[in-house]
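Remarks on the overall topology
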Amino acid sequence: ADTTKVVLREAKSSMKVSLHLSATPVADGALTCIHRLPTCFTLFEALRYLDSVRGGIAHARAMIYPEGDSYLLLLHFADKDIAARFIRHYSHRRIHPALEDRCEVSYVRTDLVLTPASGDSCVFCLDTLAQQNTITLQCGHSFHIECYLKATDIACPVCRYAPSLEAENQCEECDVREGLWMCLSCGFVGCGREQWLGFGHVQSNGHALKHSRTTGHLFSQNLDTQRVWDYGRDCYCQHIASDESKLAAVTMPQDELTDVDVDESLTLEYTFLLTQQLESQRQRYTDRVEAAERGYKEALLAKERRRDDLRARRAQLHKQCADSRAQIAQATKDAARIQGELTRIRALIKDEREHAGRLRDNAPLWAERLAKAEQARATALEVYAKVEGELEARIAKVMADL
């Protein structure tokens, strides 16, 4: 397949990296990228922009174009199907309603090792960086993606590198883009003083110093090193304590700085930064413990309510069982009474059957007796009629004699 070669660089070194972009899948088909993302579109926004496929990212890495005004986001997905879905869904899609830039996606072929070292750990959660769902910033430091998205500062929490500052800022009084200082009181960005360093001459016009002398604002922060300079004492600050009304600094001595002073200052800065990180992690774990305690209490309350419901149900079932036992006892008594009546009725039926049997057995005898009785009755009637006739004749004779 036709490929396009692009050259990128790492933020903290001069090392350049070559990538080959292709419109069709290469290698395992799981390595893709979004190229030419403007630096004003931060990594925070880019990762949230990829919300629908973010869970399938095995590792992401951001690298800067040599011009410094844009960066490329390498995305190594867990499998090629997710990568293909990413290509289909995000190709030429607008990256932000406020920007005209479109999402330019490609497959990538490179020999660059994307995954962090196996022993590295995330400075947010202190867990080991697995091969799944991690990101390496432009400065080379790696974190879990979800941990990075919970941060409140776009700068790298390890080295304080911020790509947007590198690409976008320049002195507000001239066109100098290197060695810039930002006023911590009003946000003015100005160039530093003219310097001769070991690798040559750095041209600056000293606008940051002029701004301090004009406004009386004493503290400025170097946008490259993030160190703070106190113009009142003309030295670096070890740290700054601030409240709503003023800025106060704990500074290095006004005398010329020695190597020991520099080392001590750097040590104090690192200790202060480490303390901030540990405090952030302590707060994070405290929040997690509190959330776990709340979840435990809610679960305990739910279980107690469930227990009370079960106890009420058990009492109800016990009452129903007692009622059922009483009903069973009454039904047993009724069954015994009915059984007695049934036995008596069966005995009567048996007697009736025996009597009927005897009647059937005596039926011929009784029929013969009945016939004889009928015959005797007929004879008797005949005799009666004859006697009656004789008596009537006698009576008539007697009446006639009278």
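Residues numbered from 1 in each chain as written. Predicted model: local features only at pLDDT ≥ 70, side-chain atom pairs only at ≥ 80, totals over all residues. Heavy atoms only, no water.

1. Description of the packing of aromatic side chains
All told, the structure shown has seven aromatic pairs when counted by the stated rule. Ring centres of F41 and Y49 lie 6.0 Å apart, and the angle between their planes is 85°; this geometry places the pair in the edge-to-face category. For Y49, a relative accessible area of 13% translates into the label buried. A centroid spacing of 5.2 Å and a plane angle of 70° characterise the contact between Y49 and Y90, whose relative ring orientation is edge-to-face. You can see Y49 sitting in helix α1 (residues 43–49) and its partner Y90 sitting in helix α2 (residues 80–90), a full 41 residues away along the chain. With a relative accessible area of 1%, Y90 lands in the buried category. An aromatic cluster is present here, built from F41, Y49, F77, F86 and Y90 joined pairwise through their rings. (Phe/Tyr/Trp six-rings, centres within 6.5 Å; stacked < 30°, edge-to-face > 60°. Buried < 20%, exposed > 50% of the residue type's maximum accessible area, 1.4 Å probe, protein only. Helix = DSSP H or I, 4+ residues; strand = E, 2+ residues; numbered from the N terminus.)

2. Regarding α2
By the burial criterion, the buried members of α2 are I82, A83, F86, I87 and Y90. Along α2, the residues classed as buried sweep out an arc of 140° about the axis, all on the same side. Projecting away from the buried face of α2 at angles above 90 degrees are the exposed residues K80, D81 and R88. Two or three places before D81, at the start of α2, stands the capping residue D79, its side-chain oxygen 3.0 Å from that residue's backbone nitrogen. (Arc of directions from axis to C-beta. Polar contact = N/O pair within 3.5 Å; in protein donor to acceptor, adjacent residues only side chain to side chain.)

3. Comments concerning the confidence of the model for the chain
Taken over all residues, the pLDDT of the chain has a mean of 80, while the share at 70 or more is 82%. Low pLDDT, under 50, characterises residues 196–201; the predicted model gives this stretch five contacts beyond four residues in sequence or across chains. Counting contacts from residues 241–258, a segment whose pLDDT is below 50, to residues more than four positions away or on other chains yields 33 contacts. (pLDDT = per-residue confidence, 0-100. Contact = heavy atoms within 4.5 Å.)

4. Examining a nonpolar patch on the surface
A cluster of nonpolar side chains, contributed by V383, V387, L391, I395, V398, M399 and L402, occupies part of the molecular surface with about 690 Å² of accessible area. Among the structural elements, L402 can be located in the segment after α6 (259–401). (Patch = residues over 30% accessible without salt bridge, like charges linked within 9 Å, V, L, I, M, F, W, Y side chains within 5 Å. Areas by Shrake-Rupley, 256 points an atom, 1.4 Å probe, with all protein chains shown as cover. Salt bridge = Lys/Arg side-chain N within 4 Å of Asp/Glu carboxyl O.)

5. Notes on the pairing of strand β4 (residues 57–64)
With eight of eight residues buried, β4 lies mostly within the body of the structure. Once β4 ends, the chain turns through five residues before running back antiparallel as strand β5 (residues 70–77), passing G68 with a positive phi of about 85°. Alignment of β4 against strand β7 (residues 134–136), held across three bridges, turns out to be parallel. The residue bridging R61 from the neighbouring strand is T136, located in β7. (Pairing = 2+ DSSP bridges.)

6. Points about the environment of A151
Relative to the assigned elements, A151 resides in the loop between α3 (145–149) and α4 (163–168). Beyond its immediate sequence surroundings of up to four residues, A151 is in contact with F44 and F124.

7. Examining the pattern of salt bridges
Within the structure shown, the criterion is met by seven salt bridges. Between K319 and D323 there is a salt bridge, and its shortest N-O distance comes to 3.4 Å. Of this pair, K319 and D323 both sit in helix α6, four residues apart, roughly one helical turn. K319 gets classed as exposed once you look at its relative accessible area, which sits at 55%. The partly exposed category is assigned to D323, whose relative accessible area is 37%. Its salt-bridge partner being E341, residue R344 comes within 2.9 Å of it at the nearest N-O pair.

8. Remarks on the nonpolar core
Counting 44 residues, the largest nonpolar core has L50, L73, L75 and F86 as the members making the most contacts within it. Put simply, the parts of the chain that give this core at least two residues each are β3 (31–38), α1, β4, β5, α2, β6 (104–109) and α3. Core analysis: the next-biggest nonpolar cluster, separate from the first, contains twelve residues, V17, L19, M63 and L72 among them. (Core = buried A, V, L, I, M, F, W, Y, C linked by side-chain atoms within 4.5 Å.)

9. Quick word on the state of the cysteines
One pass over the structure, following the stated rule, counts zero disulfides. As a non-bridged cysteine, C147 has C125 as the owner of its nearest cysteine sulfur, 3.8 Å distant. Lacking any disulfide linkage, C191 is separated from the closest cysteine sulfur, that of C171, by 3.8 Å. According to the relative accessible area criterion, C191 is buried, its value standing at 0%. (Disulfide = S-S within 2.5 Å.)

10. Here's the deal with the side chain of N222
The residue N222 is located in strand β13 (residues 219–222) in this model. Every residue in contact with N222, bar those within four places of it in the chain, is listed here: L180, W181 and R227.

11. Things to note about the pairing of strand β2 (residues 16–22)
Of the strand pairs in this sheet, strand β1 (residues 3–9) and β2 are connected by seven bridges, and their pairing is antiparallel. Bridge assignment links V6 to a residue of β2, and that residue is L19. Two strands pair when backbone bridges link them, and β2 and β6 are joined in this way by three bridges, in the antiparallel orientation. Paired with S22 across the strands is Y107, a residue of β6.

12. As for helix α5 (residues 207–215)
What α5 keeps buried is the set H207, A208, L209, H211 and S212. Summarising the contacts, the buried residues of α5 are in contact with β9 (180–183) and β10 (189–191). Just beyond α5, the residue with positive phi is G216, at close to 80°.

13. Structural notes on the environment of S91
Within the secondary structure layout, S91 lies in the loop between α2 and β6. Overall, the relative accessible area of 32% leaves S91 in the partly exposed class. The spatial distance from the C-alpha of S91 to the C-alpha of I34 is 9.1 Å, given a sequence separation of 57 residues. Beyond its immediate stretch of four places on either side in the chain, S91 contacts F86, C103 and V105.

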